[in-house]
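# Structure at a glance
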Amino acid sequence: GAGVSQSPSNKVTEKGKDVELRCDPISGHTALYWYRQSLGQGLEFLIYFQGNSAPDKSGLPSDRFSAERTGGSVSTLTIQRTQQEDSAVYLCASSLEDRVSNQPQHFGDGTRLSIL
Amino acid sequence: EDQVTQSPEALRLQEGESSSLNCSYTVSGLRGLFWYRQDPGKGPEFLFTLYSAGEEKEKERLKATLTKKESFLHITAPKPEDSATYLCALTNTGNQFYFGTGTSLTVIP
């Protein structure tokens, strides 16, 4: 079946511009996660959604980062006034049930963001 | 603070040369330990979940084991297509998720 889909796969933009990254989770998955992966670094947690609500936003690095999820499905991560340190691969994952259930997360292939 | 440490950072094996990857962890309360495989330019692909010490899971040439302090991913008679980065992750009783930085495995024909 279809996996987690992310778009765009690559994004190059100038410093100071806003960007939107999209994630389509696996159908029926209620939990959705955003992570950031920098070269040589582990995955950095950003935000967790259960349905349309975000009970854990603790990983968002600054108020320039925001995310929303609509219809319990598609999610958008928005970065405003991008900085060069925002350059990374942004990964989205979804899982069948809420975080308490300990279900494995299934990942998309990410959006590679480059800030010039 | 809970954390996950993977070793070695990189490993080169000859085809057929078995070895093990290590994932050491400190956690206030372990709920689950996960292994993932990540190919270049791709997202992590789920391999195994382990829940308690003594548990083992197998898939083809891979076997994951768990103790109270660490997990091992044993690779038996690896093939070049096993080359990838292997990631370890855990969830704690606070429902937080922690990833290690991975072991980059290269299997030489």
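A brief report on the enclosed structure follows. (Residues numbered from 1 in each chain as written. Chains lettered and ligands numbered in written order. Predicted model: local features only at pLDDT ≥ 70, side-chain atom pairs only at ≥ 80, totals over all residues. Heavy atoms only, no water.)

Our focus in this paragraph is the interface of chain B and chain A. The interface is formed by 19 residues belonging to chain B together with 18 residues belonging to chain A. Summed over both partners, the interface of chain B with chain A comes to about 1500 Å²; 51% of that surface belongs to carbon and sulfur atoms. Looking at the side of chain B facing chain A, the largest losses of area belong to Asn95, Phe97 and Phe99 of chain B, adding up to 30% of the total buried there. Across the chain B-chain A interface, the total number found is one salt bridge. (Contact = heavy atoms within 4.5 Å. Buried area = accessible area lost by both parts, 1.4 Å probe. Salt bridge = Lys/Arg side-chain N within 4 Å of Asp/Glu carboxyl O.)

Another point: the packing of aromatic side chains. Residue and element names in this part refer to chain B. Throughout the structure, instances matching the rule amount to eleven aromatic pairs over all chains. With a centroid separation of 5.3 Å and 35° between ring planes, the pair formed by Phe34 and Phe97 is classed as tilted. Separated by 63 residues along the polypeptide, Phe34 in strand S4 (residues 30-38) and Phe97 in strand S10 (residues 97-99) bring together distant segments of the chain. Ring centres of Tyr36 and Phe99 lie 5.8 Å apart, and the angle between their planes is 45°; this geometry places the pair in the tilted category. Of this pair, Tyr36 sits in strand S4 while Phe99 sits in strand S10, and the two are 63 residues apart along the sequence. Summarising the burial analysis for this pair, Tyr36 and Phe99 share the class buried. (Phe/Tyr/Trp six-rings, centres within 6.5 Å; stacked < 30°, edge-to-face > 60°. Helix = DSSP H or I, 4+ residues; strand = E, 2+ residues; numbered from the N terminus. Buried < 20%, exposed > 50% of the residue type's maximum accessible area, 1.4 Å probe, protein only.)

Attention now moves to the nonpolar core. Residue and element names in this part refer to chain B. Within the largest apolar cluster, 22 residues are counted, with the highest numbers of intra-cluster contacts made by Trp35, Leu73 and Tyr86. Contributions of two or more residues to this core are made by strand S2 (10-14), strand S3 (19-26), S4, strand S5 (45-50), strand S7 (62-66), strand S8 (70-75), strand S9 (84-92) and strand S11 (103-108). Broken down by element, this core gets its largest block of residues, four residues, from S9. (Core = buried A, V, L, I, M, F, W, Y, C linked by side-chain atoms within 4.5 Å.)

What follows covers the state of the cysteines. Residues and elements named next belong to chain A. Scanning the model with the defined rule gives two disulfides over all chains in all. The disulfide partner of Cys23 is Cys92, and the gap between their sulfur atoms is 1.9 Å. As the torsion about the S-S bond is roughly -65°, the Cys23-Cys92 disulfide counts as left-handed. One end of the pair, Cys23, is in strand S3 (residues 19-24); the other, Cys92, is in strand S9 (residues 88-95), and 69 residues separate them in sequence. Since its relative accessible area comes to 0%, Cys23 is described here as buried. (Disulfide = S-S within 2.5 Å.)

Strand pairs in the sheet, formed through backbone hydrogen bonds, run parallel or antiparallel to each other. Residue and element names in this part refer to chain B. Ordered in space as S1-S3-S8-S7-S6, the five strands form an open sheet in which the pairing is antiparallel. Looking along the sheet, the strands with just one partner apiece sit at the ends: strand S1 (3-7) and strand S6 (56-59). Taken over all neighbouring pairs, the strand axes of this sheet differ in orientation by 15° on average, direction set aside. Pairing geometry for S3 and S8, over six bridges, is antiparallel. Its bridge partner lying in S8, Ser24 is registered against Glu70. (Pairing = 2+ DSSP bridges. Axes fitted to C-alpha atoms, helices over the stretch in contact; angles between N-to-C directions.)

All names here are of chain A. If you trace the backbone, Ser75 turns up in strand S8 (residues 75-79). A distance of 2.9 Å separates a polar atom in the side chain of Ser75 from the backbone oxygen of Glu68. Once you skip the residues sitting within four places of it in the chain, Ser75 turns out to touch Leu21, Arg22, Cys23, Leu32, Trp34, Phe49, Glu68 and Arg69. (Polar contact = N/O pair within 3.5 Å; in protein donor to acceptor, adjacent residues only side chain to side chain.)

The next point concerns the pattern of salt bridges. All names here are of chain A. The full count for this structure, using the stated rule, is eight salt bridges over all chains. Put simply, Arg22 and Asp24 hold a salt bridge, and the shortest N to O gap is 2.9 Å. A relative accessible area of 37% places Arg22 in the partly exposed class. Asp86 serves as the salt-bridge partner of Arg64, at 2.8 Å between the closest nitrogen and oxygen. Of this pair, Arg64 sits in the loop between strand S6 (53-56) and strand S7 (65-69) while Asp86 is found in the loop between S8 and S9, placing the two residues 22 residues apart along the sequence.

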